[in-house]
Amino acid sequence: MSIAGNILQLKNSLPDNVTLVAVSKFHPEAAIQEAYQAGQRIFGENRVQELTAKEPNLPKDIEWHFIGPLQTNKVKAIAPFIHTIQSIDSLKLLQEVNKQAARNERIIRVLLEIYIAEEESKHGFSSEECLTLFKEPIEDIYPNIHICGLMGMGTNTDQTEKVRKEFHGLRHLFDTVKNLPGASPLHFHTLSMGMTQDYRIAIEEGSTMIRIGTMLFGKREY
Ligand SMILES: *Cc1c(COP(=O)(O)O)cnc(C)c1O
């Protein structure tokens, strides 16, 4: 099927409260245009260089989500236009995003990445670190960011029960954080979990945002 067909079919199958981020990394601008024509407006990229190359050539009403590891010295390059950074994995990065957002006189939305998978290359905060962070109203300290929720990636495995447990744990953390003084009742509403191979489980476990690449655009050519 075509990219447009894939988008429409997936969107029709999603519950109303689940937002689709089309992960366009490693795919050409033409593929993004095709998804855009089908009505998709939210796209995810994971490399600064690739994103800053594509962004000027694509429609201005695209909401770009950054979903990959982000070095603090690269924040500057995406700060003028990035809608949401989903991969905040340290306080240092959070501070830098706030600083660059202020310089651009804008608000940048962020999700805190929580590591839930068993993998070696762990990115993100632990549950404990996350709970500690939200004891204080963080948005008072960082006025140019809105902390909109949490993001996590399940273990890359076909043991579905393992992945389900990870997602279940992240949903529980999300619900707990929601009620802490640090979470803004106005902004904190997004739980980003689920990719092509595990998004159905993620939705069953309470995801409100899925990040889908392969299922929409086909295999990536690295
Ligand atoms: C690449 C990527 C995705 C999309 O993965 P697919 O398996 O192609 O759907 C989702 N989230 C993150 C963080 C990614 O890096």
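Look up: the structure comes first, before these words.
### Details of the overall build of the protein chain
Per the secondary structure count, the protein chain includes 10 helices and eight strands. Taken over C-alpha atoms, the radius of gyration comes to 17 Å for the protein chain, in line with the 17 Å a tight globule of 222 residues would show. Taking all 222 residues of the protein chain together, 53% fall into the buried category. Expressed as a percentage of contacts within the protein chain between residues at least 6 apart in sequence, the contacts between residues at least 24 apart total 59%. Surface summary for the protein chain: the accessible area is close to 10800 Å², and the carbon and sulfur share equals 50%. One way to put it: in the protein chain the 24 positive side-chain charges average out to a point 3 Å from where the 28 negative ones average out.

### A few points about the packing of helix α1 (residues 3-13) against helix α2 (residues 29-37)
Close contact between α1 and α2 brings their axes to 8 Å; oriented N to C, the two are set at 45 degrees. As summarised for this structure, α1 and α2 are arranged oblique, according to the angle between their axes. Read as a crossing pair, α1 and α2 show a hand that is right-handed. Contact residues: α1 offers I3, A4 and I7, while α2 offers A31, E34 and A35. Its residues assigned to classes, the contact of α1 with α2 shows five nonpolar, no polar and one charged.

### Thoughts on the site of the ligand
In the vicinity of the ligand, the contacting residues are V23, K25, I67, M153, M195, T196, R211, I212, G213, T214 and R220. Residue R211 places a side-chain N or O atom 2.8 Å away from a nitrogen atom belonging to the ligand. The contact in question runs from an oxygen atom of the ligand to an N or O atom on the backbone of G213, over 2.9 Å. Burial of the ligand by the protein amounts to 91% of the accessible area it has alone, namely 380 Å². Its residues placed into classes, the shell around the ligand shows five nonpolar, three polar and three charged.

### Description of the nonpolar core
Grouped together as the largest cluster of nonpolar side chains are 63 residues, with contacts concentrated most on I85, L112, F134 and L150. The greatest single-element share of this core, amounting to six residues, is contributed by helix α8 (residues 160-178). For L150, the contacting residues outside a window of four places in its chain are L111, L112, I114, C130, L170, L173, F174, F188, T190, L191 and S192.

### Examining the pattern of salt bridges
Counted by the stated rule, this structure contains 11 salt bridges. Where salt bridges share partners, they join E45, R47, E50 and K54 into one cluster.

### Regarding α1
In an α-helix, one full turn covers 3.6 residues, which means residues spaced three or four apart are oriented alike. All buried positions along α1 are accounted for by I3, G5, N6, I7 and L10. Tucked inside the fold, the buried residues of α1 contact β1 (19-23), α2, α9 (199-204), β8 (209-212) and α10 (214-217).

### Details of the layout of surface pockets
The calculated volume of the largest pocket comes to roughly 760 Å³. Lining the largest pocket are 33 residues; nearest its centre among them are K25, E119, M153, M195 and R211. Here the residues of the lining of the largest pocket are counted per class, giving 12 nonpolar, 12 polar and nine charged.

Conventions adopted
- Residues numbered from 1 in each chain as written.
- Predicted model: local features only at pLDDT ≥ 70, side-chain atom pairs only at ≥ 80, totals over all residues.
- Heavy atoms only, no water.
- Helix = DSSP H or I, 4+ residues; strand = E, 2+ residues; numbered from the N terminus.
- Rg over C-alpha atoms; globule rule 2.2 N^0.38 Å.
- Buried < 20%, exposed > 50% of the residue type's maximum accessible area, 1.4 Å probe, protein only.
- Contact = heavy atoms within 4.5 Å.
- Areas by Shrake-Rupley, 256 points an atom, 1.4 Å probe, with all protein chains shown as cover.
- Lys, Arg positive; Asp, Glu negative; His and termini not counted.
- Charge placed at Lys NZ, Arg CZ, Asp CG, Glu CD.
- Axes fitted to C-alpha atoms, helices over the stretch in contact; angles between N-to-C directions.
- Parallel < 35°, antiparallel > 145°, perpendicular 65-115°, else oblique.
- Left-handed = near helix turned anticlockwise from the far one by under 90°.
- Nonpolar A, V, L, I, M, F, W, Y, C, P; charged D, E, K, R; others polar.
- Near = heavy atom within 4 Å.
- Polar contact = N/O pair within 3.5 Å; in protein donor to acceptor, adjacent residues only side chain to side chain.
- Core = buried A, V, L, I, M, F, W, Y, C linked by side-chain atoms within 4.5 Å.
- Salt bridge = Lys/Arg side-chain N within 4 Å of Asp/Glu carboxyl O.
- 1 Å grid on protein atoms, 1.4 Å probe; cavity = no way out; pocket = protein on both sides within 12 Å on 5 of 7 lines; lining within 4 Å.
- Points joined across faces, edges and corners; volume = space filled by probe spheres on them.

Nothing here speaks to function; it is all geometry.
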